Each structure stands twice: as C-alpha cells, then as structure tokens.
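# Residue-level structure breakdown
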Amino acid sequence: MKPSKQVISGSDFITTQELEKENLELLIEKAFELKNAKDPSKYSEILKNKTLIMLFFNPSTRTRTSFEVAMTQLGGHAIFMSGNDIWLGKNSESVKDTAKVFSRYANIIAIRMFPDISKGNYGTINKIMREFAEWSEIPIINMEDDLFHPCQALTDIMTIKEKLGSLKNKKIVISWAYHPKPLPVSVPNSIVLNSTRFGLDVTLCHPKGFELQPYILKTAEQNAKDNGGSFRIVNTMEEGYKDTEIVYVKSWGALQYYGNNKEEKKLRQPYRGKWICNEEIMKRADKNSIFMHCLPVLRNVVVEDAVIDGPHSVVYDQAENRLHLQKALLSEIG
Amino acid sequence: MKPSKQVISGSDFITTQELEKENLELLIEKAFELKNAKDPSKYSEILKNKTLIMLFFNPSTRTRTSFEVAMTQLGGHAIFMSGNDIWLGKNSESVKDTAKVFSRYANIIAIRMFPDISKGNYGTINKIMREFAEWSEIPIINMEDDLFHPCQALTDIMTIKEKLGSLKNKKIVISWAYHPKPLPVSVPNSIVLNSTRFGLDVTLCHPKGFELQPYILKTAEQNAKDNGGSFRIVNTMEEGYKDTEIVYVKSWGALQYYGNNKEEKKLRQPYRGKWICNEEIMKRADKNSIFMHCLPVLRNVVVEDAVIDGPHSVVYDQAENRLHLQKALLSEIG
Amino acid sequence: MKPSKQVISGSDFITTQELEKENLELLIEKAFELKNAKDPSKYSEILKNKTLIMLFFNPSTRTRTSFEVAMTQLGGHAIFMSGNDIWLGKNSESVKDTAKVFSRYANIIAIRMFPDISKGNYGTINKIMREFAEWSEIPIINMEDDLFHPCQALTDIMTIKEKLGSLKNKKIVISWAYHPKPLPVSVPNSIVLNSTRFGLDVTLCHPKGFELQPYILKTAEQNAKDNGGSFRIVNTMEEGYKDTEIVYVKSWGALQYYGNNKEEKKLRQPYRGKWICNEEIMKRADKNSIFMHCLPVLRNVVVEDAVIDGPHSVVYDQAENRLHLQKALLSEIG
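Just so it is clear, the model here is predicted, and its values are computed rather than measured.

## A look at the overall build of chain A
When helices and strands are tallied, chain A shows 12 helices and 9 strands. Expected size for 334 residues packed as a compact globule is a radius of gyration near 20 Å; at 19 Å, chain A falls within 12% of this value. Evaluated residue by residue, chain A yields a buried proportion of 63% over its 334 residues. Surface accessibility of chain A: about 12,200 Å² in total, with carbon and sulfur atoms responsible for 48%. Taking the 44 positively charged and 41 negatively charged side chains of chain A as two groups, their mean positions are separated by 2 Å.

## Structural notes on the packing of helix 3 (residues 95–105) of chain A against helix 12 (residues 315–333) of chain B
At a minimum axis separation of 9 Å, helix 3 of chain A and helix 12 of chain B run at an interaxial angle of 40°. One element, helix 3 of chain A, and the other, helix 12 of chain B, form an angle in the oblique class. Viewed along their axes, helix 3 of chain A and helix 12 of chain B form a crossing whose handedness is right-handed. Note on element contacts: helix 12 of chain B touches helix 3 of chain A through Y316, D317, A319, E320, R322 and L323 of chain B, opposite K96, D97, K100, V101, R104 and Y105 of chain A. Broken down by class, the residue content of the contact of helix 3 of chain A with helix 12 of chain B amounts to 5 nonpolar, no polar and 7 charged.

## Things to note about the interface of chain C and chain A
With 26 residues of chain C at the interface, the matching set in chain A holds 31 residues. For the pair chain C and chain A, the two sides together bury roughly 2,500 Å², of which 55% comes from carbon and sulfur. Looking at the side of chain C facing chain A, the largest losses of area belong to W87, R104 and Y105 of chain C, adding up to 32% of the total buried there. At the junction of chain C and chain A, the tally comes to 7 salt bridges. With a closest N to O distance of 2.9 Å, R62 of chain A and E93 of chain C form a salt bridge.

## Observations concerning the relation of the copies chain C and chain A
When chain C is fitted to chain A, the residual RMSD is 0.0 Å, and the transformation amounts to a turn of 120° plus an axial shift of 0.0 Å. This pairing of chains is accounted for by a three-fold axis. Of all interface residues in chain C, a mere 8% are interface residues in chain A too; the two copies therefore contact each other through different surfaces.

## Here we look at the relation of the copies chain B and chain C
Superposition of the two copies of the chain requires a rotation about an axis together with a shift along that axis. Mapping chain B onto chain C calls for a rotation angle of 120° and an axial translation of 0.0 Å; the resulting RMSD is 0.0 Å. The share of interface residues of chain B whose copies in chain C are also at the interface is only 8%, consistent with the copies meeting through different surfaces.

## So, the packing of aromatic side chains
Scanning all chains against the criterion turns up 24 aromatic pairs over all chains. Measuring from ring centre to ring centre gives 6.5 Å for F210 of chain A and Y271 of chain A, while their planes differ by 75°; the resulting arrangement is edge-to-face. Taken as a pair, F210 of chain A in the loop between strand 6 (201–205) and helix 7 (214–227) and Y271 of chain A in the loop between helix 9 (261–268) and helix 10 (279–282) lie far apart in primary sequence, 61 residues in all. According to the relative accessible area criterion, Y271 of chain A is partly exposed, its value standing at 21%. Put simply, the rings of W176, F210, Y271 and W275 of chain A touch in pairs and so form one group of aromatic residues. The ring of F198 of chain C has K21 of chain C lying over it, and the distance from NZ or CZ to the ring centre is 5.6 Å. Between the NZ or CZ atom of R64 of chain C and the centre of the ring of F80 of chain C, over which it lies, the distance is 3.8 Å.

## Looking at the pairing of strand 6 of chain A
Residues and elements named next belong to chain A. Here strand 6 lies mainly inside the structure; 5 of its 5 residues are buried. By the alternation rule, side chains of strand 6 split into D201, T203 and C205 and V202 and L204, which are all buried. Looking at chain direction, strand 5 (residues 171–175) and strand 6 are connected through 5 bridges and run parallel. Paired with I174 across the bridge in strand 6 is L204. Handedness of the crossover joining strand 5 and strand 6 through helix 6 (residues 186–197): right-handed. Where strand 6 lies against strand 7 (residues 230–234), 5 bridges are found, and the strand directions are parallel. Bridging from a neighbouring strand, D201 pairs with S230 of strand 7. Running through helix 7, the crossover from strand 6 to the neighbouring parallel element strand 7 is right-handed.

## Here's the deal with the interface of chain B and chain C
Each partner contributes residues to the interface: chain B has 26 residues there, and chain C has 31 residues. Of all residues in chain B, W87, R104 and Y105 of chain B bury the most surface against chain C, accounting for 32% of the area lost on that side. Summed over the shared surface of chain B and chain C, the result is 7 salt bridges. In this structure, the salt-bridge partner of D97 of chain B is R299 of chain C, at a minimum N-O distance of 2.8 Å. At the surface where chain B touches chain C, the tally comes to 15 residue pairs in polar contact (both at pLDDT 80 or more). Of all the secondary structure elements, the ones that give two or more residues to the side of chain B that touches chain C are strand 1 (51–56), strand 2 (77–82) and helix 3 (95–105) of chain B. Sort the elements by how many residues they give to the side of chain B that touches chain C and helix 3 of chain B lands first, with 7 residues. The residue makeup of the side of chain B that touches chain C, split by class, is 10 nonpolar, 7 polar and 9 charged.

## Some details on the sheet that holds strand 4 (residues 140–142) of chain B
All names here are of chain B. Strand order across the open sheet formed by 4 strands is 2-1-3-4, with parallel pairing between neighbours. Two strands lie at the open edges of the sheet, namely strand 2 and strand 4, each paired on one side alone. Taking the axes of each pair of neighbouring strands and ignoring which way they run, one obtains an average angle of 20° across the sheet.

## Here we look at the pattern of salt bridges
Should the charged atoms of two oppositely charged side chains come close, the side chains can pair. Under the defined criterion, the tally for this structure stands at 70 salt bridges over all chains. One salt bridge in this structure joins E137 of chain A and K100 of chain A, with 3.2 Å as the shortest N-O distance. Separated by 37 residues along the polypeptide, E137 of chain A in the loop between helix 4 (124–135) and strand 4 (140–142) and K100 of chain A in helix 3 bring together distant segments of the chain. We classify E137 of chain A as partly exposed; its relative accessible area is 40%. Connected through salt bridges with shared partners, the residues K35, E162, K163, D317 and E320 of chain A together with R104 of chain C form a single ionic network.

## Regarding the sheet that holds strand 2 (residues 77–82) of chain A
Residues and elements named next belong to chain A. An order of 2-1-3-4 is seen for the 4 strands of this open sheet, with the pairing classed as parallel. The open sheet has two edge strands, strand 2 and strand 4, and neither has a second partner. Neighbour-to-neighbour, the strand axes of this sheet turn through a mean angle of 20°, independent of strand direction. Direction of pairing for strand 1 (residues 51–56) relative to strand 3 (residues 108–112): parallel, over a ladder of 5 bridges. Along strand 3, the bridge assignment pairs L52 with I108.

## Let's talk about the environment of K168 of chain C
Residue and element names in this part refer to chain C. Here K168 lies in the loop between helix 5 (150–164) and strand 5 (171–175). Along the backbone, K168 and L200 are 32 residues apart, and their C-alpha atoms lie at a distance of 5.4 Å. Not counting chain neighbours up to four residues away, the residues in contact with K168 comprise F198, G199, N227 and G228. Side-chain polar atoms of K168 contact the backbone oxygen of N227, separated by 2.8 Å.

## A word on unusual backbone geometry
All names here are of chain A. At the junction of L295 and P296, the peptide bond is cis and its omega measures out at 0° in the coordinates. Examined against the element boundaries, P296 turns out to sit in the loop between strand 9 (290–292) and helix 11 (305–308). Not every positive phi belongs to a glycine, and E144 is a case in point at roughly 115°. Tracing the backbone shows E144 in the loop between strand 4 and helix 5 (150–164).

## Some points on the domain arrangement of chain A
All names here are of chain A. The domain boundaries assigned to chain A delineate domain 1 (16–148 + 322–333) and domain 2 (152–319). When each unit is reduced to the centre of its C-alpha atoms, the spacing between domain 1 and domain 2 is 25 Å. The partner domain 2 presents 34 residues to the 30 residues of domain 1 that form the contact. Regarding the contact of domain 1 and domain 2, the summed buried area is about 2,800 Å², with carbon and sulfur atoms giving 62% of it. Interface area lost by domain 1 to domain 2 is led by Q17, I117 and Y122, which between them contribute 26%. Inspection of the domain 1/domain 2 interface yields 1 salt bridge. A salt bridge links K35 to E162; its shortest N-O distance comes to 2.7 Å. For the pair domain 1 and domain 2, the interface holds 13 residue pairs in polar contact (both at pLDDT 80 or more). Per-class residue counts for the side of domain 1 that touches domain 2 are 14 nonpolar, 6 polar and 10 charged.

## Things to note about the packing of helix 3 (residues 95–105) of chain C against helix 4 (residues 124–135) of chain C
All names here are of chain C. Packing of helix 3 against helix 4 leaves a shortest axis separation of 8 Å and a crossing angle of 50°. Our classification of the angle between helix 3 and helix 4 gives oblique. When you trace helix 3 past helix 4, the crossing you get is right-handed. Residues V95, K96, T98, A99 and K100 of helix 3 pack against I128, E131, F132 and W135 of helix 4. Within the contact of helix 3 with helix 4, the residues separate by chemical class into 5 nonpolar, 1 polar and 3 charged.

How each quantity is defined
Residues numbered from 1 in each chain as written. Chains lettered and ligands numbered in written order. Predicted model: local features only at pLDDT ≥ 70, side-chain atom pairs only at ≥ 80, totals over all residues. Heavy atoms only, no water. Helix = DSSP H or I, 4+ residues; strand = E, 2+ residues; numbered from the N terminus. Rg over C-alpha atoms; globule rule 2.2 N^0.38 Å. Buried < 20%, exposed > 50% of the residue type's maximum accessible area, 1.4 Å probe, protein only. Areas by Shrake-Rupley, 256 points an atom, 1.4 Å probe, with all protein chains shown as cover. Lys, Arg positive; Asp, Glu negative; His and termini not counted. Charge placed at Lys NZ, Arg CZ, Asp CG, Glu CD. Axes fitted to C-alpha atoms, helices over the stretch in contact; angles between N-to-C directions. Parallel < 35°, antiparallel > 145°, perpendicular 65-115°, else oblique. Left-handed = near helix turned anticlockwise from the far one by under 90°. Contact = heavy atoms within 4.5 Å. Nonpolar A, V, L, I, M, F, W, Y, C, P; charged D, E, K, R; others polar. Buried area = accessible area lost by both parts, 1.4 Å probe. Salt bridge = Lys/Arg side-chain N within 4 Å of Asp/Glu carboxyl O. Least-squares fit on C-alpha atoms with pLDDT ≥ 70 in both. Phe/Tyr/Trp six-rings, centres within 6.5 Å; stacked < 30°, edge-to-face > 60°. Lys NZ or Arg CZ within 6 Å of the ring centre and 35° of its normal. Pairing = 2+ DSSP bridges. Right-handed = clockwise from strand over helix to strand, strands pointing away. Polar contact = N/O pair within 3.5 Å; in protein donor to acceptor, adjacent residues only side chain to side chain. Domains from an automatic or database assignment.

Pasting the structure below:
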C-alpha cells in the first residue's frame, strides 16, 4: 500500500514524516477525544469483526499490550504472531506472498522488528517494512523498526500537549544516556523528527560519537524552519538541560560502530554513571519540567529512581497515551 | 467424537473422504454465500462467545491467520496454542486427558501437526489426530497432519468452481516439483482424493519413485469411477500438462525413503531445475488454464515468478478462499 | 493493589486465606449460577471491551484455556503472554514498571509462575506475585505460584459441594503420590487451607519427609478450629484412605531438599509403585467416595487408569469447574 499525503485512511504508518501535519494533528485530537470520552461505548464496536495482524520479531510489553487492548476496546481482534510462528524467510516464504495473503484475511498489519545491532546494516529492516507496504493491499503500521518508532513519537507529542497545554516553542532536551547495550536509534530519530515538526525548540544532547544519521538531522533542521521552532545539538548535559521544560531521556548505540560492538563499547563505557539522569542534573531544567522516557528503562543506570518516581516524571501517563493514540490510529487507518 | 456420514454438524473433519459428498457440496455452497454476502453483519455473531482451540505444532501463515480471522468475523474467539505452551506429551499429559478437558471448555478443536519426515513413521500423526477425535466430545478439525489437509483441498475445489464455472470432467494435472527438502504428502493426497471425488479428469504427474500411498491411489480410482471422472498417473511433465485446464503444482517427499533423507535426496536431486513450473511448460496447458499452488512456495525453485505472478495464477484467490471455506466449516460444524 | 477483606471487587486473589469466607462462598455460589444458567446470554457481555492480561512463565493446559474461554464467554478478551514475549527481567524492566504500565491498559492481570525447584528458594515467586500486587492498580490473580494455587483449590471446594451436597465434616484425604519429578507444593498448600476453612474433616497423608511448611499446617489447624472441622496428618495410605469420602491425590516435592534434587530423589525413589492410587487402596475409602486430581497426571504412576477412568473419578468435572469458578471470579473482581 502506498503512503498517501492526503488522508490517513488507507495509508501506511511507517514514519510520521511522510504524513501531512494536519493528519497527525487530527490523530492527536482523536486520541484526546477517545481518552476523555464520557461514553466509551460509543466506540465499542467501531472495529467489530475486524482483525489487526501484529507481527513481532522482538519482545514487547507496551506495544503489544496497548495494540491488543486498543483492538479489544474498539470491538475488534488483534492476532499476535511471533516471527517464529510463520513461514516468512529466505528459504521459506517471500515478503510479497506473506503480505498479499495477509491482505486477503485481515484489515491492518502491524510489524515490530528491530535490529540486532551487532550485525550492522542500519536501515535494512526499514527496507523490509517498506517491502511489506509495497505488496500489502491493507495499511501497514510500523511498531518500531531500525529507523523509526512513529507510534511512540506521536504519542510523545500528545503527552507534551496534555502536560504543557501547547507545543509551540516549548523547550525539549532529547538526552542520550549510558546503557550497557547499544540500543536502536528508532526512538531518538522519531522524537527528533516529531518535536521539530510540531514547532518545539529542540536540543539534541549526546556525547561526541553518538550522532544521529545526517538525513535525520537535516530533516529536523528543515522541520524546525518550516514550523517555527529550532533545532540544535549540544555535547554536555549541563548545556542541554538548562531551562528546558521537557527532559526526554533515551539511550542509543553509536551508528559509526553498528556491527562492531567492541569498538562501540569502548566509546560508551567512559560515560557509565556520568550520562545518567539524576536529581542533580534535573535542577538545571525548568522547575516545572516534565521527565519523559518511553520505557523499558534500566533504573539507576539510565535514570535514578528519585527522578523517574519523582514529581517531574510523567512516564506512566506517557505509556498510557500509547493506547489512546493507537486507538485513534486504528480507527482512522482501518 | 465419531465421524458422522449423515450431517456435518457435530462431526469431525479429519479427511473429506469420510464425509458425504453432499455435505462437502453444502460447505462449498455456504462458503460462496459467505464470500458474496452483501450484508456480512448477518453472520457477525453466529459464533458469539464460542471458542475454537487451535493447536499448532508447526509454523503456519495461512492456516492460523485464516482460522483466527474466520472466528473473529463470525463473532467468536480462536485460542492459538503452540505445542510448547501445553503439557501434552509422553512424560506429561495424555491425549485422552487433554481432549477430554478441552471438550469441557471449548466448542471446536483444530490441530496442525505435520511430520518430521526424517524420522519416518508415515501415518503416525494421523493416528494422534484420530486419538484426539476418539476422546474429544466436541468436533476436531484437521488443520494438516501427515496424511491429509482437508481444509486446503476442499478450498481448492471451491476455487476451481469459482474460476471455471463447473467441475465435471475439468482436466487437472497435479504436478510434483523439485524442492530442496522432502515435504509432507498431505496436500497431494487430499487434492487427489477431492478432485476425483468431484468428477474431474485427474492426472497425477511425478517422476518415478514419488508414488503416493496405494490406499490413496486405489481410493482415487474408485472416486473417479463413482463420480464420472478419470484418474491416471504419468511420469513426464510434457504428458501431464498437455491441454490441462488446471495446473496444480506441489512438491512432496518420496514415501519409500521416509526416514532416510540421504537416499531421498539422491532420488530428488537430479530433478532440480527440471521439475519446475515455468512459462515454457505452461504453453502445453490449455490457453485459459489456471495455475494453483497452496503456498508457501519457494519461488524460482518450484515455480518461476513469471508463472506465479502471471495471468494464469490464481494463488492469492486460492489462499483467500481458505477463509470463506473455513468460515462455512466453523459455522456448520460448531 | 492491596487485598481487601471486605469485598472481592478490586481485591487481589493471591491466596484464598486472605479473603473473607463469605466472599469465597459468594464466588462458589456465583459459579453455580453461571454453570446452571438457563440463559447464558445474560452474561455474554459482562466484560465487553475488557481485557485480562495472562502472564505465563510455564506451560499450561487447563489454566490458560479455562481463563481464555471464561473471558470469551463473558464478552471480554484475554491476552496470552509468555514470559519470553515481554521485557520483564533483572537486566530489562522492573516488576514495578511492568505492573504500573499494565494497569494503564488492562482490567485484570493474572500470573502463572511456578518454581524451578532444583534452584531452591521456596517462596521467592510468591514474593514476585506480591510485588506485582503492590504496584498494580488493577486486581492481580494468582494462576499458581510456588506457594498457592487459589483458583484450583476454591474450584475443588465447589466440586466437592456439587458432588456431596454439603461440605461440613465431610472426610477428605489429601494423599501424596510418587512422581519422578519433585512438583510444587502450591496445590497441596491451597487445598489444605481451603478444605479446613470450609469445615471438612481433613487428613493430610504423606510419607515422612514430605511435610508441608509449618505456616500452612498451623493455619490449617486454626482453620479447622474456627470452622468446626478437623485436621490431622498420617503417614500411611492405609490409615489415610480409611472411610474417607473424598480421595484427593497429588504429588509434591520435599521442602527440606528444595534445591537439592539428588537428596530429594533418594527420599522419594523408595515410594515408586507404592504410593500410587489404585483400586486396592480405593477399597479402604467410603464406597461412594469421589476421586479427585487437579491434572495433569502421570497415569499409572500417580494413579492407575482403573481409578481415574473408573466410577469414583470426578476429574473432568473438577477440571470443568475451573471455568465456572473463574468466570465468577472475573466477573466479581473486575
């Protein structure tokens, strides 16, 4: 199914960047409508007898549960398939045949597939996602690949709006953190693209060596220009956190050492215990700042309990909003 | 549950051969009714609050999805259980206790279990299927064992009827193809039994050494006699494809070397690149012939892209019809 | 969620011992109402659009199926998650975050997690269950941990009532049996607690060395005192089975050798073929006695076919009642 720039219905949802901003705004608005509905029964049969196929190649807590609950609350059904349950693969069935056949049975396909970074090949998985979309006759939802996590990032915009009232020129720092393993860049990629798209003043903050892909940075700059916000990169937490209204913490792996864990580890190891979000650094931020993390999080390595369990943290509301945003998405895309 | 020759309701569905032909015709008719329904909501609560237990001991794309979607579209629920999820096994729980207990909870049980051919013992799994049926108090559906794949083969008859208008004396070739692994004979067994049962003129086409089980061949001959069709076996693709209206391609393993992969491989290896369905051989068939394959298929080994993606191919309609036929089956058997 | 002594709604269901007896009686009553309902459609939408998250860390036949069917029959949906599907774990996500996030999506959480006895640490898993309950904002159902199996044991009381008419001073023997592996004590713990709670005359029967935890025995004695029944321990089957109206057979591992399979095996091995329930020993029981086992059972090791398939056996009704009791629980707790 080809992405449409005009309407969300019938489109794929692979990266928000390929959808019109007004459609993204519509999704957020719809998500609030669903969250605040006085009579949820109004929506209880919207997807009656409809099926979402969820294809998971990795463990998942939030994504799987929120999608499956979303379908249930809309009266439909979500099929949970792990990659091992089906024939898909080089010596088995092609992406084309799999997508074509699923299109004959179900109403929407959602795919979660993120990289074994130790094997390199950044972007390979997004290509598989796009191959699915090429052959599928029903909409494809990206539940996180190696480039993007659009459901997470659009939900994050919703949560910021919910907490701060408006988005325009709100100051956000997207701050790298130490984690023992190199994690995908899909979340930072998507939150950088979305926050600049919605006109926030965006600071990307990481040690040297953890630069995101040039395409992402260039698009972010253009987004900022087009939408009245700003985009800058800083290399110290002190600078990044200063007066920010939103602290968004996330660890990711160094793209330059994709496929080379040994070198990557050398680069990240010195930041252990230093690039961690704690009460001390939070004092640099605005006194009413909110703390966000997409979860799962390694507590006291990425962020200290005192912060994630403290008054600034909105992480559970952020997780909850996945449900509402995805209900909006499913009801509009189906 | 014992198979009944009189009605489909309450019967098991282990092989179509054990059901009255008029009941099979009724299922196909019902499948068309469901496929062409102008108002599908008429069927949207037929199985409300009802449960199908699906027990899978192998990966599955079409079978699992089509059954789970079928239950959803009929308002019921399908439980997906992999063999690893339950206690069943020699040092754990008996088939008897498993079947008896499932009978107290669910409405229908469907089982997919096909052989590790390298271990031999052709027919062993069908015996397990029959043991389930012996103890179960609710209907058992065979989602493919080592002998039969009745849902596939009855769907195939439906698809032929849909494409060619009638079945009587339509010419079909069921043609072996090379595949690197020895695959089960359940599909050829079942399509041979079903196509002769419905009065087609059937040509089974394979290299010497890949003969199906004598019981299947004898039953096919009797079916042909009883239903006004014909049945013959040929050993060259040239002869098999000549003027045929239906090309049905499928690879399978040599029964004589069940449990002896090494010898089996010696027998099959010479046919690599030769017993493949390509545009050249398709010219031997009727110019309006349809190409069928049950999928998954190893592209460009079993069949060339030009054929499966070409004008004769009906493989995705064939896959889609699994959904409609199984909806008919579930609504009648439950 | 903290357990409440007053009402079942909104409470956790970790062990029946922590709930008021009248609430347990209400659940059994409700279970009978559901089982005998003339018009089941009355209950067919009670949990419409509601979700139960079922978290399984072990295989399961009855528990998983009966809960999933229960949700289906009440119009809701059960998510089946194996432990491998989610992030939960020491180097991944905390129990707190998992429980908090699930609380934002679903309506009830049910957890099955029983011990690898070879690793010792009796009670560790119940602590994890309680940690879930501490953080969860929705009710937690214990689907069996290393201490308790409350759904099984309360169902057993229901089955006894169904078969014998009343509970007061009915004679039950809970008899150990030989099994090649050391099994959890959750079932004997829970049935001892429940049968004494409901005023039965309870005989716990096992070879020396297989004593249950002192807390369980003390609580059972107090239960008996409080509810007009009795509780004793005997060490021979001859004494245990004498004149009993209910024979409840179950194998379990020796707590003193938890984590020490080698010593445990030495203790259990002499009882192979001796501590087995057969027709001979059943003659010691009341002539109208019922035979119970929670299943799965190793036939002809724990109990002979002649008994489990014989006239005294109520094991399939016992299994079926899991469905009705859990429907009652889900509809009251949600």
